[in-house]
Amino acid sequence: MVEIAVEVNGRAETAEVDGRMLLSDFLRGVLGLTGTHVGCEHGYCGSCTVLVDGASARSCLMLAAQANGSSVRTVEGLADGEELSSIQQAFKDCHGLQCGFCTPGLLMTVTEIAAEVASTPSRHQIREQLAGNLCRCTGYHQIVDAVEQALDQAAGGGR
Ligand code: FES
Ligand code: FES
């Protein structure tokens, strides 16, 4: 067992965990943050994506102990109370989801991209940037619409 201290969505968390516990299991099972979804558990689907110190990470491929001392952001940390982040709002506006299983991971990936974007990428570039997040429902068209809207705002100074 190892003692870890992690900041999750701005809140300090400490816990004693099995050294082999995955970050996804820590977030979901220990902290109850079930917005982070687990699909393939092999690093392929991207549904478990979270931000660790601002960089996207597959929480199914990372140990909780590896996050010790880090700041982790999950989908639960995007909205400000009842107010959706601009990226969440864009997914809602553009109907960028159907079953929603892939959505938390996509939102975290796009949050990382939006933090660095200087100008709106082309739709082809957006598809390339989302290549690590699989969606079985939408055909991606409306997801790309949503990301285009969100990155347009981010490039213009929005969040
Ligand atoms: S559950 Fe982590 S990449 Fe699929
Ligand atoms: S909305 Fe169902 S997997 Fe993407």
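Computed from a prediction, not measured in an experiment: that's the story for all the values here. All residue numbers here refer to positions counted from 1 along the written sequence of the relevant chain. Each chain takes a letter, starting from A, and each ligand takes a number, starting from 1, following the order in which they are written. Reporting of local features is limited, given that this is a predicted model, to residues whose pLDDT is at least 70; pairs of side-chain atoms are given and counted only at 80 or more, and all residues count toward the totals for whole chains, interfaces and linings.

Secondary structure is summarised from DSSP: a helix means a run of H or I of at least four residues, a strand means a run of E of at least two, and numbering begins at the N terminus for each. Counting its regular elements, the chain contains five helices and five strands. For the radius of gyration, the atoms used are the C-alpha atoms, and the globule rule reads 2.2 Å times the number of residues raised to 0.38. Against the 2.2 N^0.38 benchmark of 15 Å for 159 residues, the chain shows a C-alpha radius of gyration of 15 Å, consistent with a compact globule. By principal-axis analysis of the C-alpha atoms, the chain measures approximately 45 × 30 × 25 Å. Residues counted as buried form 40% of the 159 residues belonging to the chain. Contact between two residues is assigned whenever their backbone-derived C-beta positions fall within 7 Å. Partitioning the contacts of the chain with sequence separation of at least 6, the portion at a separation of at least 24 is 63%. Any residue surrounded by 20 or more other C-beta atoms within 10 Å of its C-beta is treated as buried, while 12 or fewer makes it exposed and the intermediate range makes it partly exposed; C-beta atoms here are placed from the backbone.

At Asn9, a position not held by glycine, the phi torsion is positive, near 50°. One can find Asn9 in the loop between strand 1 (2-8) and strand 2 (11-17). On the basis of neighbour count, Asn9 is assigned to the partly exposed category, with 17 C-beta atoms found within 10 Å. Of note, His95 is a non-glycine position whose phi angle comes to about 55°, a positive value. For His95, the position within the fold is in the loop between helix 2 (86-93) and helix 3 (103-116).

Attention now moves to the domain arrangement of the chain. For the chain, the assigned domains are domain 1 (2-77) and domain 2 (86-155). Either an automatic procedure or a domain database provided the assignment from which the domain bounds are taken. For domain 1 versus domain 2, the separation of C-alpha centres amounts to 22 Å. Listed by partner, the interface residues are 15 residues for domain 1 and 13 residues for domain 2. Among the elements of the structure, strand 3 (49-52) and strand 4 (55-58) are those that each provide at least two residues to the side of domain 1 that touches domain 2. By the convention adopted, Pro, Cys, Tyr, Trp, Phe, Met, Ile, Leu, Val and Ala count as nonpolar, Lys, Arg, Asp and Glu as charged, and the other residues, Gly among them, as polar. Residue composition of the side of domain 1 that touches domain 2, grouped by class: six nonpolar, nine polar and no charged.

The next point concerns the packing of helix 2 against helix 3. Note on definitions: angles span 0 to 180 degrees between N-to-C directions of axes, and those axes are lines fitted to C-alpha atoms, for helices only across the stretch in contact. With their axes 10 Å apart at the nearest point, helix 2 and helix 3 run at an angle of 125° to one another. The orientation of helix 2 with respect to helix 3, classified from their angle, is oblique. When the axes of helix 2 and helix 3 are compared, the crossing they make is right-handed. Of helix 3, the residues touching helix 2 (which contributes Ile87, Gln88 and Phe91) are Thr103, Leu107, Val110, Thr111 and Ala114. Just so you know how the angles are binned, under 35 degrees is roughly parallel, over 145 roughly antiparallel, 65 to 115 roughly perpendicular, and the rest oblique. Crossing handedness is read from the near helix: turned anticlockwise from the far helix by less than a right angle, it gives a left-handed crossing, and turned clockwise, a right-handed one.

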